[in-house]
Amino acid sequence: MTTRTAAGTVALGTAGLTIDDVVAVARHGARVELSPEAMTRLAASRAIIDELADDPRPHYGVSTGFGALAKVQIPVEKRQQLQRSLIRSHAAGTGAHVEREVVRATMLLRLNTLASGHTGVRPVVAETYAAILNAGITPVVHEYGSLGCSGDLSPLAHCAMTLLGEGEVRTGTADDAAVVPAADALRDAGIEPVVLAEKEGLALINGTDGMLGMLCLALHDLATLVSTADVAAAASVEALTGTDAVFAADLQALRPHPGQERSASNMRRVLDGSTLIRRPREGEFTRVQDAYSLRCAPQVHGAVRDTADHAARVASIELRSAIDNPVVLDDGRVESNGNFHGAPVAYVLDFLAIAVADLASIAERRTDRFLDVSRNHGLPPFLADDPGLDSGLMIAQYTSAGIVSELKRLAAPASVDSIPSSAMQEDHVSMGWAAGRKLRRAIDGLGRVLGIELLASTRALDFRARGDGADGASEGSPAAATAAVLALFRTSIPAPATDGFLSPTITAARDFVVSGAVVAVAEGAIGGALD
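Q: Could you give an account of the overall build of the protein chain, naming the residues involved and the relevant values?
A: Counting its secondary structure elements, the protein chain contains 19 helices and 10 strands. Taking the principal axes of its C-alpha atoms as reference, the protein chain extends roughly 95 × 50 × 45 Å. Contacts in the protein chain between residues far apart in sequence, at least 24 positions, make up 76% of those at least 6 positions apart. A total of about 20900 Å² of accessible surface is found on the protein chain, and carbon and sulfur atoms cover 55% of it.

As structure tokens, this is what we get:
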């Protein structure tokens, strides 16, 4: 129910949101606007709710309590208080503050549902919500509080508090910007707080927007990381003087998973032109097979790609959905439903965490091979400049291994752990918010592990080029793409020398990975985009 109308603007109410739209608003501050079609639908559905509000018969969410208290009918004079009480009581989060981009993604997705016209809120509610987003006001939302059903109630309630002029917010763009009262931030931005009417409290909090927002951000970041992993694996094969014969297209066609074929294609292109790669020569013995972490990289990386593609299909459906309970249907009926359950999103968040952990695991195994003289084919121990005096990347591998171990723990699914709530009315919950939170940590860890692998492979390429192997002879030249990555790293990371402070070096390598710089220079060298 969105379309991009101009540079930096996302209009809601005309077509479906995309992952890129979510990233643009959440991370890059793109503005939002409500289309005329959205305003028309908002007014029409509100008229239906107003009719129900005047009906002496009880209607859930309009003239009754909520959840296990749905049988309690609320008199007209107390319904504004009912809405305020709902928001205040559900804003029950605790723990660390959630990142600004996650909160903005959550708000965008809730606004997208409001703009659908299926929630019954007044146009002023959606307009004010959009104004808060556009003013850069970010509600303080906490790490803990959501069970993922009925949606992300607590995080969304913290966002709704801002609409009322209550709670705390940040007005800067940094995650650690100063916290100020919402009332002050709205006043400074010229935004009038909203007094909620019937049904509007539920409409503001009854959705899976937090977990979906984290899914969209993760998919966006993972796309860069998987392509980076292909580059890193290719660089490791090359720097360990392995073979690229196993990546041949006809071999991949025998097991035609789409992701596997794409990763193998990427690795072939990145390695094109390398003279370090060992290729069969008549009358000469060469290694028959490389280790699994090298030889099977397309199969593992490709499975991650296919998992991400499945998750993206789920996200695409969710992005064109309207999640609320009850909902206003096109024929005027107002019906209760179970669409707020987060299972579809929770499952793929957990699935991605498994894939991310395994992608990091195979990358760490490649890193480890560089450091062991029995497996690195002529490189110095631990890639140290002066082994014994220097430790090289010994402890960098410890760091990578520690992250991978943590990622394996984060791969344990949250979605299988349901805890009943609301006096057993909500007796099965998705835990999708928790799945999203741990996936964000996993994505962060993967970027660091890939950075360390590239730190090792680029260092090894330096040793190969200057003939510092056991035989003392230069062994060939890297491919254009891996040479470009090496040149990128040498812009801020020194070539092998006496040991220095390693932590900033690991951070610099990680930054090259997550910024997309590694993929960008590789693509520049091969003259086209990676698959």
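Past the structure itself, the notes keep going.
Q: Can you break down the packing of helix α1 (residues 19–28) against helix α9 (residues 209–239) residue by residue, with the values?
A: Running from amino to carboxyl end, α1 crosses α9 at an angle of 100 degrees, the nearest separation of the two axes being 9 Å. Taken together, the axes of α1 and α9 lie roughly perpendicular to each other. Facing α1, whose interface residues are Ile19, Asp20, Val22, Val23, Ala26 and Arg27, α9 presents Cys216, Leu217, Leu219, His220 and Asp221. A class-by-class count of the residues in the contact of α1 with α9 yields seven nonpolar, one polar and three charged.

Q: Explain helix α6 (residues 153–163) to me, and be specific about the residues and the numbers.
A: Most of α6 sits out of view: 11 of its 11 residues are buried. Where α6 is concerned, the buried positions are Leu153, Ser154, Pro155, Leu156, Ala157, His158, Cys159, Ala160, Met161, Thr162 and Leu163. In the segment just after α6, glycine 165 is the residue with positive phi, at about 80 degrees.

Q: Would you mind going over the environment of glycine 213 in detail, with residue names and values included?
A: Summarising the element assignment, glycine 213 is placed in helix α9. For the pair glycine 213 and arginine 27, spaced 186 residues apart in the sequence, the C-alpha separation amounts to 11 Å. Apart from residues no more than four positions distant in its own chain, glycine 213 is found in contact with Ala105 and Leu109.

Q: Go over the sheet that holds strand β7 (residues 168–170), please, and point to the residues and values.
A: If you trace the three strands from one edge of the open sheet to the other, you get β5-β7-β8, paired in antiparallel fashion. Since the sheet does not close on itself, it has two edges, and those belong to β5 (138–139) and β8 (179–181), each with one partner. Taken together, the two bridges between β5 and β7 define a ladder with antiparallel strand orientation. The partner of threonine 138 across the bridge, within β7, is arginine 170. Running over the sheet, helix α7 (residues 182–189) touches β7 and β8 and is turned about 80 degrees from β8.

Q: Go over the pattern of salt bridges, please, and point to the residues and values.
A: A complete count under the given rule lists 35 salt bridges for this structure. Here aspartate 209 and arginine 110 are joined by a salt bridge, their closest N and O atoms 2.7 Å apart. A residue pair is termed long-range when its members are at least 10 positions apart, and aspartate 209 in helix α9 and arginine 110 in helix α4 (residues 100–115) qualify at 99 residues. For arginine 110, a relative accessible area of 0% corresponds to the buried category. With a shortest N-O distance of 3.4 Å, arginine 365 and aspartate 368 are connected by a salt bridge.

Q: Requested: an account of the packing of aromatic side chains, with residues and values cited.
A: Aromatic ring pairs: the centre-centre distance and the angle between the two ring planes describe each pair. According to the stated counting rule, one finds one aromatic pair in the structure shown. Arranged with centres 5.2 Å apart and planes meeting at 35 degrees, the rings of phenylalanine 489 and phenylalanine 512 form a pair that is tilted. Of this pair, phenylalanine 489 sits in helix α17 (residues 480–489) while phenylalanine 512 is found in helix α18 (residues 503–514), placing the two residues 23 residues apart along the sequence. Residue classification places phenylalanine 512 among the buried residues on the basis of a relative accessible area of 13%.

Q: Would you mind going over the pairing of strand β2 (residues 9–12) in detail, with residue names and values included?
A: Taking every second residue as pointing to the same face, both faces of β2 are buried, with Thr9 and Ala11 on one and Val10 and Leu12 on the other. Note that β2 and strand β3 (residues 31–34) share four bridges and pair parallel. Paired with alanine 11 across the bridge in β3 is glutamate 33. You can see the chain leave β2, run along α1 and come back into β3, and the turn it takes is right-handed.

Q: Please set out the side chain of glutamine 260 residue by residue, giving values where relevant.
A: Following the sequence through the fold, glutamine 260 ends up in helix α11 (residues 258–271). Overall, the relative accessible area of 3% leaves glutamine 260 in the buried class. There is a polar contact of 2.9 Å between the side chain of glutamine 260 and the side chain of glutamine 252. Sequence-distant contacts of glutamine 260, that is, excluding residues within four places in its chain, are made with Gln252, Arg255, Pro298, Gln299 and Gly302.

Q: Give me the nonpolar core: which residues, what numbers.
A: If you look at the biggest cluster of nonpolar residues, it comprises 150 residues, and the most contacted ones within it are Leu111, Leu215 and Leu222. Per-element accounting of this core gives the leading share, 19 residues, to α9. The residues contacting leucine 111, other than those within four sequence positions of it, are Leu12, Val32, Leu34, Ala126, Tyr129, Ala130 and Leu133. Counting five residues, the second largest nonpolar core, distinct from the first, contains Ile49, Leu52, Ala53 and Val62.

Q: Would you mind going over α9 in detail, with residue names and values included?
A: Look at α9: 44 Å from first C-alpha to last across 31 residues, which is about the 45 Å you get at 1.5 Å a residue. Most of α9 is tucked away, with 27 of its 31 residues classed as buried. In the segment just after α9, threonine 241 is the residue with positive phi, at about 50 degrees.

Q: Give a description of the side chain of threonine 243 that names residues and reports values.
A: The residue threonine 243 is located in the loop between α9 and α10 (249–253) in this model. Take threonine 243: its relative accessible area is 11%, and that puts it in the buried class. Polar side-chain contacts of threonine 243 include one of 3.1 Å to the backbone nitrogen of alanine 245. Polar side-chain contacts of threonine 243 include one of 3.3 Å to the backbone oxygen of arginine 278. Setting aside its immediate chain neighbours within four residues, threonine 243 contacts Val237, Ile277, Arg278 and Asp290.

Q: With reference to specific residues and values, describe the packing of α11 against helix α13 (residues 297–319).
A: Two numbers describe how α11 lies on α13: the axes approach to 7 Å, and their chain directions differ by 130 degrees. Between α11 and α13, the angle is such that the two are oblique. Crossing geometry of α11 relative to α13 is assigned as right-handed. Contacts from Pro258, Gly259, Gln260, Arg262, Ser263, Ala264, Asn266 and Met267 in α11 reach Ala297, Pro298, Gln299, His301, Gly302, Arg305, Asp306 and Asp309 in α13. In the contact of α11 with α13, the residues fall into five nonpolar, seven polar and four charged.

Cut-offs applied
- Residues numbered from 1 in each chain as written.
- Predicted model: local features only at pLDDT ≥ 70, side-chain atom pairs only at ≥ 80, totals over all residues.
- Heavy atoms only, no water.
- Helix = DSSP H or I, 4+ residues; strand = E, 2+ residues; numbered from the N terminus.
- Contact = heavy atoms within 4.5 Å.
- Areas by Shrake-Rupley, 256 points an atom, 1.4 Å probe, with all protein chains shown as cover.
- Axes fitted to C-alpha atoms, helices over the stretch in contact; angles between N-to-C directions.
- Parallel < 35°, antiparallel > 145°, perpendicular 65-115°, else oblique.
- Nonpolar A, V, L, I, M, F, W, Y, C, P; charged D, E, K, R; others polar.
- Buried < 20%, exposed > 50% of the residue type's maximum accessible area, 1.4 Å probe, protein only.
- Pairing = 2+ DSSP bridges.
- Salt bridge = Lys/Arg side-chain N within 4 Å of Asp/Glu carboxyl O.
- Phe/Tyr/Trp six-rings, centres within 6.5 Å; stacked < 30°, edge-to-face > 60°.
- Right-handed = clockwise from strand over helix to strand, strands pointing away.
- Polar contact = N/O pair within 3.5 Å; in protein donor to acceptor, adjacent residues only side chain to side chain.
- Core = buried A, V, L, I, M, F, W, Y, C linked by side-chain atoms within 4.5 Å.
- Expected span 1.5 Å × (residues − 1).
- Left-handed = near helix turned anticlockwise from the far one by under 90°.

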